[in-house]
Amino acid sequence: MVNGEPTLTLTAPIMASVCTLDDTCLVLGSSSGTGKGVTVGQVTKGITWKSLNLPHTNSATFQGGSCWKDGCFIYGSTIEGDLLWRFRSTTLALTPLTPPSTSPAVEAVSCFRANSCAIIDMGGGNSAPQFFTTTDAGATWSTPTKIPFDATSLACTTELKCVAASNASTWRTLDGGVNWKESAPTAGTLINLSCFDTNCVADDTNTTHDHVWRSNDFGKSWSSSPLANRTFAFACLTDSHCVSAGQTTNATGAVSTINGSGASDLAVNYFPNPITTMACGSSRCVAGGLYSVALFKP
């Protein structure tokens, strides 16, 4: 069961969520727009939410994040360019990071072990998007390499092996982003990629019907199955246990668990608006939409 509750503040709508693998979850919201805007955050290690202190930023747009056991990278953009923050569940602290290049926005992040993440950003000016990694939680970075696509999602299993999605295509690298091979076209744009060894899962942004996409050969080929509800958020605990969230035909919040090829709807209470963001740790998930949040075990 998914029981929604009001956020701690109504000054900014929820935009993004993350959960560490030790099941510390946080949600972030922003009014963005012009000027400084308003940013808000709240975090929980149990069942009670508390307000989260955020770094100063102007007009933040939060896109999402990726986590390891006790930490996460959160990404997006500000009016100054890249937004990239590190979160520690041990201290509940958010720290702004400085990527090795300047660009309008970070496009995708994938963390593949503790303190180790891969990042794709838009590139500065008219330059191509860039791929780079860190193995010390953003203290140092690899040299950025240019890539031939704009990313909608990224999933890495090591610093060398990654699958990425762009508009209607998927890409693979086996050498840390030096070379990328376009591996498969898809009917929609894949987002929320997750890879577990050679098995990868994602959902799409097809405007007529949402699908779960699966690959058992690390992104070389994909198959799809339809989802019942309009989906805006998707997360996987394992390659065979995923959760989708979005809206019913009445535009209220909807959540489904996906085990293998079967899907089951969960009862959703007190979620008057669509669920637009969701993240899962090792055993529980957080869902957010407008000014509502929910913690649940899928």
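Preceding this paragraph is the structure being described.
This is a predicted model, so every value here is computed, not measured.

Cut-off values and rules
- Residues numbered from 1 in each chain as written.
- Predicted model: local features only at pLDDT ≥ 70, side-chain atom pairs only at ≥ 80, totals over all residues.
- Heavy atoms only, no water.
- Helix = DSSP H or I, 4+ residues; strand = E, 2+ residues; numbered from the N terminus.
- Rg over C-alpha atoms; globule rule 2.2 N^0.38 Å.
- Buried < 20%, exposed > 50% of the residue type's maximum accessible area, 1.4 Å probe, protein only.
- Areas by Shrake-Rupley, 256 points an atom, 1.4 Å probe, with all protein chains shown as cover.
- Lys, Arg positive; Asp, Glu negative; His and termini not counted.
- Charge placed at Lys NZ, Arg CZ, Asp CG, Glu CD.
- Disulfide = S-S within 2.5 Å.
- 1 Å grid on protein atoms, 1.4 Å probe; cavity = no way out; pocket = protein on both sides within 12 Å on 5 of 7 lines; lining within 4 Å.
- Points joined across faces, edges and corners; volume = space filled by probe spheres on them.
- Nonpolar A, V, L, I, M, F, W, Y, C, P; charged D, E, K, R; others polar.
- Polar contact = N/O pair within 3.5 Å; in protein donor to acceptor, adjacent residues only side chain to side chain.
- Contact = heavy atoms within 4.5 Å.
- Pairing = 2+ DSSP bridges.
- Phe/Tyr/Trp six-rings, centres within 6.5 Å; stacked < 30°, edge-to-face > 60°.

Undergrad: Kindly report on the overall build of the protein chain, identifying the contributing residues and their values.
TA: What the protein chain contains, in helices and strands, is zero helices and 30 strands. A compact globule built from 298 residues would reach a C-alpha radius of gyration of about 19 Å, and the protein chain, at 18 Å, matches this within 12%. The principal-axis extents of the C-alpha atoms in the protein chain amount to approximately 45 × 45 × 35 Å. Taken across its 298 residues, the protein chain has 53% of its residues classed as buried. When the accessible surface of the protein chain is summed, it comes to about 12400 Å², and 50% of that surface belongs to carbon and sulfur atoms. Taking the average location of the 16 positive side-chain charges in the protein chain and that of its 20 negative ones, the two points are 5 Å from each other.

Undergrad: I'd love a proper account of the state of the cysteines, names of residues and values included.
TA: Applying the stated criterion to the full structure yields seven disulfides. The disulfide bridge from cysteine 111 ends at cysteine 117, spanning 2.1 Å between sulfur atoms. Judged by the sign of its S-S torsion, about 95°, the cystine formed by cysteine 111 and cysteine 117 is right-handed. Between the sulfur atoms of cysteine 195 and its disulfide mate cysteine 200 the distance is 2.1 Å. Taking the torsion about the sulfur-sulfur bond, which here is approximately 105°, the covalent link between cysteine 195 and cysteine 200 counts as right-handed.

Undergrad: Residues and numbers for the layout of surface pockets, please.
TA: Each pocket or cavity is described by its volume, and for the largest pocket that value is around 1200 Å³. Contributing to the lining of the largest pocket are 49 residues, with Gly65, Ser66, Asn192, Leu193 and Ser194 lying nearest its centre. Looking at the lining of the largest pocket, the elements that each hand over two or more residues are strand 3 (14-19), strand 7 (61-67), strand 11 (106-113), strand 15 (153-156), strand 19 (190-196), strand 23 (230-238) and strand 28 (277-280). Top element by residues in the lining of the largest pocket is strand 11. It accounts for eight residues. For the lining of the largest pocket, a count of residues per class yields 33 nonpolar, 14 polar and two charged. Here the second largest pocket is characterised by a volume of approximately 160 Å³. For the second largest pocket, the lining is made up of 19 residues, of which Pro226, Leu227, Ala228, Ile258 and Ala263 are closest to its centre. Listed by contribution, the elements that provide at least two residues to the lining of the second largest pocket are strand 22 (223-226), strand 23, strand 24 (241-247), strand 25 (253-259) and strand 26 (262-266).

Undergrad: Account for the side chain of threonine 7, with residues named and values stated.
TA: Tracing the sequence through the fold places threonine 7 in the loop between strand 2 (5-6) and strand 3. Of the polar contacts made by the side chain of threonine 7, one reaches the backbone oxygen of threonine 9; its length is 2.6 Å. Those residues in contact with threonine 7 that sit more than four places away from it in its chain are Ile14, Gln42, Tyr291, Ser292 and Val293.

Undergrad: Requested: an account of the pairing of strand 3, with residues and values cited.
TA: Successive side chains on a regular strand alternate, one facing one side of the sheet and the next facing the other. Of all the six residues making up strand 3, five are buried; the element is thus mostly covered by neighbouring parts of the structure. Bridging between strand 3 and strand 4 (residues 25-30) involves five bridges; their strand directions are antiparallel. By the bridge assignment, alanine 16 is partnered in strand 4 with leucine 28. In sequence, strand 3 turns back onto strand 4 through a hairpin of five residues, with aspartate 23 there showing a positive phi of about 65°.

Undergrad: Describe the environment of valine 201, with residues and values.
TA: Position of valine 201 among the secondary structure elements: in strand 20 (residues 199-204). A residue is classified by how much of its surface remains accessible, and valine 201, at 1% relative accessible area, is buried. Distance from valine 201 to threonine 249, taken between C-alpha atoms, is 25 Å for residues 48 residues apart in sequence. Residues within four places of valine 201 in sequence aside, it is in contact with Asn192, Leu193, Ser194, Val212, Trp213, Arg214, Trp222, Phe234, Cys236, Asp239 and Cys242.

Undergrad: Just give me the short version of the packing of aromatic side chains, but keep the residues and values in it.
TA: In the structure shown here, the tally under the stated rule is seven aromatic pairs. For the pair phenylalanine 62 and tryptophan 85, a centre-to-centre distance of 5.4 Å together with 65° between the ring planes defines the contact as edge-to-face. Taken together, the residues phenylalanine 62 in strand 7 and tryptophan 85 in strand 9 (residues 81-88) connect sequence positions 23 residues apart. No difference in accessibility class separates phenylalanine 62 from tryptophan 85, as the two residues are buried. Ring geometry for phenylalanine 149 versus tryptophan 171: centroids 4.7 Å apart, planes at 20°, classification stacked. Of this pair, phenylalanine 149 sits in the loop between strand 14 (145-146) and strand 15 while tryptophan 171 sits in strand 17 (residues 169-173); the two residues are 22 residues apart in sequence, bridging distant segments of the chain. For tryptophan 171, a relative accessible area of 10% corresponds to the buried category.

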